[in-house]
Amino acid sequence: MDRPVTLVTGTRKGIGRFLAEHFVRLGHRVIGCSRSEFDGTLEHYVHYRVDVSDEQGVKQLVADVRKTWGRLDHLINNAGIASMNHSLLTPLSTVRDVLTTNVVGTFLFCREAAKVMKTMRFGRIVNLTTVAVPLKLEGEAAYVASKAAVLSLTQVLAKELADFGITVNALGPVPTETDLIRSVPKDKIDRLLSRQAIPRFGTFEDIANVVDFYFKPESGFITGQCLYLGGV
Amino acid sequence: MRQDLVPLIVKQIHELNGQHGVKVPADLSSDTPLFGREGILESLGLVSLVVSVEQAIEDEFGVSISLADDRALAQTKSPYRTVASLAEYAGHLIQQVEGQHG
């Protein structure tokens, strides 16, 4: 069977892991990556250990995908790190780490994946951003700035890659119960949830649903968009 | 290395013929201007050529290089000026990568 090939970054846990399992269930060949090993096994899933900001590592991964399966249909840039801290207390090294993983990593994967998708004249790229961008959430300056950059990158790439049959869209989840927000105080989370039209945590299924929508064959005319969950 | 890469690049240019407004001249040679005032490629054609040359190098030499360069649009220093300058630039990058692994 000619399975669509879907590449997901940051698949060791959380949203990325769920999306990897979700697309395997839908019959895709899923390629995932993270800085560490993947726990357990998953049929039709191949894991690479790579840092998303390592240019040579990313190039090698995408070259392997092209050589092994001859196609790359979908890319989900999920890998990301957050920093929940007041800007005056945020070390420069943290700002660099957040920008490098979230912005440079997303850029590199988009660039390399688009080269393979271009030859197929088809591709779907989905970048994960956050509702913290439109909410201009205080206490997360570096993280919000990095995800605002991901949104801008999405919108520009949508234009640059349209001629090659590639769509590029973004998705902004609300807080989801993952490691990323485990350290955030409860009152802060409650305040954040109260700014949503539907004040509840997001689920992995909510996120997968939006990605499914972007991947649908009928969604070929939708590009450069960002869909925020929860009514933000 | 340059002698090896010119035919590879010429082959990729021929494969682009008719796409993105690319019209390959009958006298295509290593001195043919690729990009710029007299170049045979518009920007999308250049993007396509660079990507297909990267992939062809990966397939033929097993080396993964990035031909991206900030001087792309410079008239005098761009590595994409002619077939020969692109071949030279690619050859230089291949040597760099092989040097790192060798």
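Our subject in this report is the structure included herewith. Computed from a predicted structure; not experimentally measured. In this numbering scheme, every chain counts its residues from 1 along its sequence in written order. Here the convention is simple: chains get letters from A, ligands get numbers from 1, in the order in which they are written. A pLDDT threshold of at least 70 governs which residues receive local features in this predicted model, and a stricter bar of 80 or more applies before side-chain atom pairs are shown or counted, although totals over entire chains, interfaces and linings include all residues. The side-chain values count all of the structure's non-hydrogen atoms but skip hydrogen atoms and water molecules.

Before going further, it helps to spend a moment on the overall build of chain B. For helices the rule is a DSSP run of H or I covering at least 4 residues; for strands it is a run of E covering at least 2, with both sets numbered from the N terminus onward. Along its length, chain B carries 3 helices and 0 strands. Going from N to C terminus, chain B has its helices and strands arranged as α-α-α. Every radius of gyration here is taken over C-alpha atoms, with the globule rule written as 2.2 Å times N^0.38, N being the number of residues. Its C-alpha atoms give chain B a radius of gyration of 13 Å, near enough to 13 Å, the size a compact globule of 102 residues would have. Projected onto its principal axes, the C-alpha positions of chain B cover 40 × 25 × 20 Å. In chain B, which comprises 102 residues, the proportion classed as buried is 49%. Accessibility here uses a 1.4 Å probe with only protein chains present; expressed as a share of the type maximum, an area under 20% marks a residue as buried, one over 50% as exposed, and anything in between as partly exposed.

This part is about the sheet that holds strand S1 (residues 5-9) of chain A. All names here are of chain A. For two strands to count as paired, DSSP must find a minimum of two bridges between them. Read from one edge of the open sheet, 7 strands run S3-S2-S1-S4-S5-S6-S7, paired in parallel fashion. Two strands bound the open sheet, and with one partner strand each, they are strand S3 (45-49) and strand S7 (226-228). Averaged over all pairs of adjacent strands, the angle between their axes in this sheet comes to 15°, without regard to strand direction. Here, two residues are considered to be in contact whenever any of their heavy atoms come within 4.5 Å of each other. Think of each axis as a best-fit line through the C-alpha atoms, taken over the contacting stretch in the case of a helix, with angles from 0 to 180 degrees between the N-to-C directions. Along the sheet face, helix H3 (residues 92-120) touches S1, strand S2 (29-34), strand S4 (74-77), strand S5 (123-128) and strand S6 (166-172) and points at about 180° away from the line of S4.

It is worth spelling out the interface of chain B and chain A at this point. Each partner contributes to the interface: chain B provides 13 residues, whereas chain A provides 15 residues. When the two sides are added together, the surface that chain B and chain A hide from each other amounts to roughly 1200 Å², 49% of it contributed by carbon and sulfur. A per-residue breakdown of the area chain B buries against chain A is headed by Gln55, Glu58 and Ser64 of chain B, which together make up 37% of the total. Criterion for a salt bridge: a side-chain nitrogen of Lys or Arg within 4 Å of a carboxyl oxygen of Asp or Glu. Applying the counting criterion to the chain B and chain A interface returns 4 salt bridges. A salt bridge links Glu58 of chain B to Arg66 of chain A; its shortest N-O distance comes to 3.0 Å. Contacts described as polar in this section are N or O atom pairs within 3.5 Å, which, within protein, must combine one atom able to donate a hydrogen with one able to accept it, while residues neighboring in sequence count only if both atoms come from side chains. Summed over the shared surface of chain B and chain A, the number is 8 residue pairs in polar contact (both at pLDDT 80 or more). Gly is placed with the polar residues, together with every amino acid not listed as nonpolar (Ala, Val, Leu, Ile, Met, Phe, Trp, Tyr, Cys and Pro) or charged (Asp, Glu, Lys and Arg). Here the residues of the side of chain B that touches chain A sort into 5 nonpolar, 5 polar and 3 charged. Two parts placed together each lose some accessible area; with a 1.4 Å probe, that loss summed over both constitutes the buried area.

Right, let's talk about the side chain of Asn77 of chain A for a bit. All names here are of chain A. Along the polypeptide, Asn77 turns up in strand S4. A polar atom in the side chain of Asn77 sits 2.8 Å from the side chain of Asn127. Apart from residues lying up to four places away in sequence, Asn77 is in contact with Thr9, Gly105, Thr106, Phe109, Cys110, Ile125, Val126, Asn127 and Leu128.

On to the packing of aromatic side chains. Residue and element names in this part refer to chain A. Aromatic rings from Phe, Tyr and Trp, taking only the six-membered ring of Trp, are treated as a pair when their centres fall within 6.5 Å; an angle between ring planes under 30 degrees marks them as stacked, one over 60 as edge-to-face, and anything in between as tilted. Inspection of every chain in the model, using the stated rule, returns 4 aromatic pairs over all chains. Pairing Phe18 with Phe204 gives two aromatic rings, centres 5.4 Å apart and planes at 45°, and the pair type is tilted. Taken together, the residues span a long stretch of sequence, with Phe18 in helix H1 (residues 14-25) and Phe204 in helix H6 (residues 204-215) at a distance of 186 residues. Residue classification places Phe18 among the buried positions, given a relative accessible area of 14%. Ring geometry for Phe213 and Tyr214: centres 5.8 Å apart, planes at 45°, overall tilted. Here Phe213 falls in the partly exposed class, since its relative accessible area comes to 34%.

The subject of this paragraph is the pattern of salt bridges. Residues and elements named next belong to chain A. In the structure shown here, the tally under the stated rule is 17 salt bridges over all chains. When the shortest N-O distance is used, the salt bridge between Lys59 and Glu112 registers 3.4 Å. With a gap of 53 residues between them, Lys59 in helix H2 (residues 55-69) and Glu112 in helix H3 connect regions that are remote in the sequence. We classify Lys59 as buried; its relative accessible area is 2%. By relative accessible area, Glu112 is classed as buried at 5%. Where Lys188 meets Glu140, a salt bridge forms, and the shortest distance between an N and an O atom there is 3.6 Å. Here Glu140 lies in the loop between S5 and helix H4 (141-161) and Lys188 lies in helix H5 (residues 186-193), a separation of 48 residues in the sequence. Note on Lys188: relative accessible area 18%, which makes it buried.

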